[in-house]
Amino acid sequence: METKSLMDEKIKGMVLQIQVPTESISLLHLFRTELRQGYDSSWVAILNTPNGVEVLYLTCRDGESTGGLTKEIGKCQTIDCVRALDQRKHIWYD
């Protein structure tokens with residue numbers, strides 16, 4: 001988990017230049033880090049929040065698209081709502 005924390009800090013450091021306080025959340029950047037056909041896809045969402053920049057790691061179905069996930073995140077008003085988009089517990093693995 002230490003590596004993940006270091007990555008969070010690097011990402012936040014790169015994004016902090018853009019940070020503007022907001023009343024709700026806004027998506028700054030979204031990118032897929034891994035695609036496992038037939039299983040899942042891994043995503044990193046960088047969000048601007050009232051508390052600063054947040055980095056979330058999401059697992060979605062393998063067919064998830066950048067446009068589809070961006071649209072779903074756009075409907076969210078809170079970080080917890082974005083976290084709820086994580087499907088890791090709903091995907092069956094061998």
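What counts, and where the lines are drawn
Residues numbered from 1 in each chain as written. Predicted model: local features only at pLDDT ≥ 70, side-chain atom pairs only at ≥ 80, totals over all residues. Heavy atoms only, no water. Pairing = 2+ DSSP bridges. Helix = DSSP H or I, 4+ residues; strand = E, 2+ residues; numbered from the N terminus. Axes fitted to C-alpha atoms, helices over the stretch in contact; angles between N-to-C directions. Contact = heavy atoms within 4.5 Å. Salt bridge = Lys/Arg side-chain N within 4 Å of Asp/Glu carboxyl O. Core = buried A, V, L, I, M, F, W, Y, C linked by side-chain atoms within 4.5 Å. Buried < 20%, exposed > 50% of the residue type's maximum accessible area, 1.4 Å probe, protein only.

Undergrad: Requested: an account of the sheet that holds strand β1 (residues 26–36), with residues and values cited.
TA: Backbone hydrogen bonds hold the strands of a sheet together, and the pairing may be parallel or antiparallel. Across the sheet, which stays open at both edges, the 3 strands sit in the order β1-β2-β3 with antiparallel pairing between neighbours. Every other strand in the sheet has two partners, leaving β1 and β3 (52–61) as the edge strands with one partner each. Taken over all neighbouring pairs, the strand axes of this sheet differ in orientation by 20° on average, direction set aside. As defined by bridge partners, strand β2 (residues 40–49) adjoins β3 across 10 bridges and the pair is classed as antiparallel. Bridge assignment links Asn48 to a residue of β3, and that residue is Val53. Here helix α2 (residues 66–74) sits on the sheet and contacts β1, β2 and β3; the angle it forms with β1, its principal contact strand, is near 140°.

Undergrad: With reference to specific residues and values, describe the pairing of β1.
TA: Pairing of β1 with β2, which is carried by 9 bridges, proceeds in the antiparallel orientation. Opposite Arg32, over in β2, you have Trp43 as the bridge partner. Remark: 3 residues form the turn of the hairpin made by β1 and β2, two consecutive strands paired antiparallel; Gly38 in that turn has positive phi of roughly 85°.

Undergrad: Describe the pattern of salt bridges, and please don't skip the residues or the numbers.
TA: Within this structure, the stated rule accounts for 4 salt bridges. In this structure, the salt-bridge partner of Arg83 is Asp80, at a minimum N-O distance of 3.2 Å. Here Asp80 and Arg83 lie together in helix α3 (residues 79–83), a separation of 3 residues that amounts to about one turn. A network of salt bridges, in which partner residues are shared, links Arg36, Asp40 and Arg88.

Undergrad: Hey, could you go over the nonpolar core for me, with residue numbers and the actual values?
TA: Membership of the largest hydrophobic core comes to 14 residues, with the highest contact counts inside it found for Leu30, Trp43, Leu47, Leu58, Leu69, Ile73 and Val82. Contributing elements (two or more residues each) for this core: β2, β3, α2 and α3. Once residues lying within four places of it in the same chain are set aside, the contact partners of Val82 are Ile25, Leu47, Leu56, Leu58, Ile73 and Cys76.

Undergrad: Summarise the pairing of β3; cite the residues concerned and give the values.
TA: With 7 of its 10 residues buried, β3 lies for the most part within the structure. The turn joining β2 and β3, which pair antiparallel and follow one another in sequence, is formed by 2 residues.

Undergrad: Outline the environment of Leu28, listing residues and values.
TA: Among the structural elements, Leu28 can be located in strand β1. Given the relative accessible area of 29%, Leu28 is considered partly exposed. Separated by 20 residues in the primary sequence, Leu28 and Asn48 have C-alpha atoms spaced 6.4 Å apart.

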